[in-house]
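Next come the chains, spelled out residue by residue.
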Amino acid sequence: MSRIAFLGLGHMGLPMATNLVKAGHEVQGFDPVPAAVDAARAAGIPIAASGADAAADADVVITMFPAGRHVLDAYRGGLLAAARPGTLFIESSTIAVDEARAAHALALAAGHRNIDAPVSGGVVGAENGTLAFMVGGSDEDFAAALPLLEAMGKRIVHCGGSGLGQAAKVCNNMVLAVSQIAVAEAFVLGERLGLEHQALFDVVSQASGQCWSITTNCPVPGPVPTSPANRDYQPGFAGALMAKDLGLALQAIEQTSTDARMGRLAQQLYAAYAAGDGAGRDFSGIITDIRDSAPRS
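Note that the structure is a prediction, hence the values are computed from the model and not measured.

A. Spotlight on the UniProt feature "domain: 6-phosphogluconate dehydrogenase NADP-binding" (unreviewed entry) in the protein. Mapped onto the present numbering, the UniProt feature "domain: 6-phosphogluconate dehydrogenase NADP-binding" (unreviewed entry) falls on residues 3-160. Overall, residues 3-160 shows 47% helix and 24% strand. The separation of its end C-alpha atoms is 26 Å.

B. Quick peek at the packing of aromatic side chains. Throughout the structure, instances matching the rule amount to 4 aromatic pairs. An angle of 65° between the planes, with centres 5.4 Å apart, marks the rings of Y75 and F89 as edge-to-face. Of this pair, Y75 sits in helix α4 (residues 68-82) while F89 sits in strand β4 (residues 88-91), placing them 14 residues apart in sequence. On the basis of relative accessibility, which here comes to 2%, the residue Y75 falls in the buried class. Taking 6.2 Å as the distance between ring centres and 45° as the angle between the ring planes, the aromatic pair formed by Y270 and F283 counts as tilted. With Y270 in helix α12 (residues 261-275) and F283 in the loop between α12 and α13 (286-293), this pair connects stretches of sequence that are 13 residues apart. An identical accessibility class is assigned to Y270 and F283; each is buried.

C. Broad picture of the state of the cysteines. Inspection of every chain in the model, using the stated rule, returns 0 disulfides. A disulfide-free cysteine, C159 has its sulfur positioned 9.7 Å from the sulfur of C171, the nearest such atom. Given the relative accessible area of 29%, C159 is considered partly exposed.

D. Geometry of the packing of α12 against α13. With their axes 10 Å apart at the nearest point, α12 and α13 run at an angle of 100° to one another. Our classification of the angle between α12 and α13 gives roughly perpendicular. Listed contacts from α13 to L269, Y270 and Y273 of α12 are I286, T288 and D289. Tallied by class, residues from the contact of α12 with α13 come to 4 nonpolar, 1 polar and 1 charged.

E. Region of the structure containing the pattern of salt bridges. Tallied over the full model, the rule gives 7 salt bridges. Salt-bridge contacts for D59 lead to R3; the nearest nitrogen and oxygen are separated by 3.9 Å. One end of the pair, D59, is in the loop between α3 (51-56) and β3 (60-63); the other, R3, is in strand β1 (residues 3-7), and 56 residues separate them in sequence. Judged by its relative accessible area of 28%, D59 is partly exposed. Judged by relative accessible area, which is 32%, R3 ranks as partly exposed. A salt bridge links E254 to R264; the nearest nitrogen and oxygen atoms lie 3.7 Å apart. Here E254 is found in helix α11 (residues 239-256), whereas its partner R264 is found in helix α12, with 10 residues between them in sequence. Note on E254: relative accessible area 49%, which makes it partly exposed. Residue R264 is classed as partly exposed on the basis of its relative accessible area of 32%.

Rules behind the numbers
Residues numbered from 1 in each chain as written. Predicted model: local features only at pLDDT ≥ 70, side-chain atom pairs only at ≥ 80, totals over all residues. Heavy atoms only, no water. UniProt positions renumbered as here; feature names shortened; annotations may be inferred. Helix = DSSP H or I, 4+ residues; strand = E, 2+ residues; numbered from the N terminus. Phe/Tyr/Trp six-rings, centres within 6.5 Å; stacked < 30°, edge-to-face > 60°. Buried < 20%, exposed > 50% of the residue type's maximum accessible area, 1.4 Å probe, protein only. Disulfide = S-S within 2.5 Å. Axes fitted to C-alpha atoms, helices over the stretch in contact; angles between N-to-C directions. Parallel < 35°, antiparallel > 145°, perpendicular 65-115°, else oblique. Contact = heavy atoms within 4.5 Å. Nonpolar A, V, L, I, M, F, W, Y, C, P; charged D, E, K, R; others polar. Salt bridge = Lys/Arg side-chain N within 4 Å of Asp/Glu carboxyl O.

Have a look at this one:
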């Protein structure tokens, strides 16, 4: 079993760390937020005095941070220097591709190994150990990380070299955002045409429009009892996080001169949603903005 430093014990990180403990690994955590530390201690995760202290005796360091700047600041600010030579760094935050590659280069220059391994599946997936991991890095480092990723997830895909796990994540979330908007617009249109929610769900969920955004994250109460719509759009995956991820997608779109008009529009809509009531609500709650803004005849 591995000794793991898990840095970032928020809504996603804590259940991921807990599943590593359940799998028999020795985990020591750190988070600068006192509430996260209290929750981790209550869950039985030992807490180090700092991220560097946690990394000092670890075989593997897993980071789950809010943004790329936090990752690079930590790497440059003593985390890499504190770790023993050859430590495997698993970067599971969702960050820009170029930031993932910069982190990879820093880790290698310091004598360590590194993969980017962002996740999909939300808090429920983290709690149930059913996350999907999209991994960028060498074959050897992927193989070394695989048993740990399997303790936290059910689908682990090696996408290629450094940064390509983040590339897959940004593409996936662009698809997710566009499909969630399309499903929301369809339900608003259905309402105005006189369709019952259940009737529209029964058709689309079994027809060519079927997608995760309707069968799992249905944006109206009723048809899918476990969807956030049935708990006043409590996340789930918050609108602020979707807006952040689409900002990364927009950055990649512009860097690659890609004609991605739907992706650009989704980024605009989610930026507006997150700037309002949607920051702390599930991203499927964008249906409320669509209801309010869609023109009526």
